[in-house]
Structures are given as structure tokens and as C-alpha cells.
Amino acid sequence: MRLNTYLNFNGNCEAAFEYYAQHLGGKIIVKVPYMTGPNMPPGMDGKLMHARIEIAGTVLMASDTPAGRYAPMGSNFLSLSVDSKEEAERIYAALSTGGEIRMKMEETFFAHRFAMFTDKFGVNWMVLHEKTER
């Protein structure tokens, strides 16, 4: 059994996955566009019905959501655990650009580096380089 995350985007799924592939070293495995025809939801021409990317051995799936069905992530986050302060800072800089910072990158009692933000595609992230000693 596997548990995978499935995200919905408001028309920018392909751009988000291309960005994540570039900045997180991911590989896009599948991009399936909506099929033109009488059953295609209005406004979905050129949008993705399904996409899949692999990032660090983890599968992330997503699609563009037809108008009126998209809802932002709210209090759900994707959490990235990294092996160094430098990697945490790099990813934070790349993914938070153009987004909204909820907690800036800083040291905490549990992490050398920790941050919370919403990226420019509307996806909530946590990035941390965890402290092993407590």
C-alpha cells in the first residue's frame, strides 16, 4: 500500500509541476491534458486532467480543477525535510518567491531551519532541517 498526496490547482498545475521539477529535482512522469469534446468542462482547454511527479522518491499527483470547484489548501501543508541548512535556505528562497510567508526561515527549538509559506501556485509548504539532538 502507498499513501500519495493529490493536489488540485486553479489552472496552473503544469506551471507548478515544471517549477517543482526545476527547484526540487523532481521528474514529471505523467501529464494528461483534458480531452477536447462535449464532456470537457468549460475553460479547461490546455489544462491538465492528471499529472504525476516524483520528488526524492515520493509521488505527488495533481490536476487542474474546473471553475467553481477549486478551494485553496487551507491548513494542509506539504512538508519537506532536508539534510542541511543550506538546502533549507535554497528551497525556501525558490518556493516562497512570489508567495506568502507564514513563518520566515529561522532556527527553532526543533529545527536548525524551519519555515512555513504558501507558494505562488497556492500550495502550502513547510521546510525544515531538523535537529537530531534534543
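Fair warning: this is a prediction, and the values are worked out from it, not measured in the lab.

Draft legend 1. Structural detail: the overall build of the chain. A count of helices and strands for the chain gives 2 helices and 8 strands. Across the chain, helices and strands are ordered from the amino to the carboxyl terminus as β-α-β-β-β-β-α-β-β-β. By its C-alpha atoms, the chain is 60 × 30 × 25 Å across when sized along the principal axes. Buried positions account for 40% of the 134 residues belonging to the chain. In the structure as shown, the chain presents an accessible area of about 8,000 Å², 51% of it carried by carbon and sulfur atoms.

Draft legend 2. Inspection of the nonpolar core at higher detail. Within the largest apolar cluster, 30 residues are counted, with the highest numbers of intra-cluster contacts made by Phe9, Tyr20, Leu95 and Trp125. Going through the elements one at a time, β1 (5-9), α1 (13-24), β3 (48-55), β4 (58-64), β5 (78-81), α2 (85-96), β7 (111-118) and β8 (124-130) are the ones with two or more residues in this core. At 7 residues, α1 tops the list of elements feeding residues into this core. Beyond its immediate stretch of four places on either side in the chain, Leu95 contacts Tyr19, Tyr20, His23, Leu24, Leu80, Phe117, Asp119, Lys120 and Trp125.

Draft legend 3. Fine view of the pattern of salt bridges. Per the stated rule, a full pass over the model turns up 7 salt bridges. Between Lys31 and Glu18 there is a salt bridge, with its nearest N and O atoms 3.1 Å apart. On the criterion of sequence distance, the pair formed by Lys31 in strand β2 (residues 27-33) and Glu18 in helix α1 is long-range, its members being 13 residues apart. Taking relative accessible area as the criterion, Glu18 reaches 39% and is therefore assigned partly exposed.

Draft legend 4. Just α1, in detail. Relative to the 16 Å expected for 12 residues at 1.5 Å per residue, α1 spans 16 Å between its end C-alpha atoms, a close match to the ideal helical length. Among the residues making up α1, those that are buried are Cys13, Ala16, Phe17, Tyr19, Tyr20, Ala21, His23 and Leu24. Gly25 sits one or two positions beyond α1 and adopts a positive phi of about 70°.

Draft legend 5. A look at unusual backbone geometry. Even without being glycine, Ala56 reaches a positive phi, approximately 50°. Mapped onto the elements, Ala56 comes out in the loop between β3 and β4. Among the residues examined, Ala56 registers a relative accessible area of 77% and is labelled exposed.

What counts and what doesn't
- Positions within a chain are numbered from 1, following the residues in the order the chain's sequence is written.
- Only residues with pLDDT of at least 70 are given local features in this predicted model, and only at 80 or more are side-chain atom pairs given and counted; all residues enter the totals for whole chains, interfaces and linings.
- Excluding hydrogens and water, the side-chain figures rest on all heavy atoms present in the structure.
- Numbering of helices and strands starts at the N terminus; helices are DSSP runs of H or I of at least 4 residues and strands are runs of E of at least 2.
- For every residue, the accessible area obtained with a 1.4 Å probe (protein chains only) is divided by the maximum for its type, and the residue is called buried under 20%, exposed over 50%, and partly exposed between those limits.
- With residues, only the protein chains shown are counted as cover, and all accessible areas are computed by Shrake-Rupley using a 1.4 Å probe.
- Residues belong to a common nonpolar core when they are buried Ala, Val, Leu, Ile, Met, Phe, Trp, Tyr or Cys residues joined through side-chain atoms within 4.5 Å.
- Note on contacts: a residue pair is in contact if any heavy atoms of the two residues lie within 4.5 Å.
- Any Lys or Arg side-chain nitrogen located within 4 Å of an Asp or Glu carboxyl oxygen qualifies as a salt bridge.
- A helix is expected to reach a length of 1.5 Å times the quantity of its residues less one.

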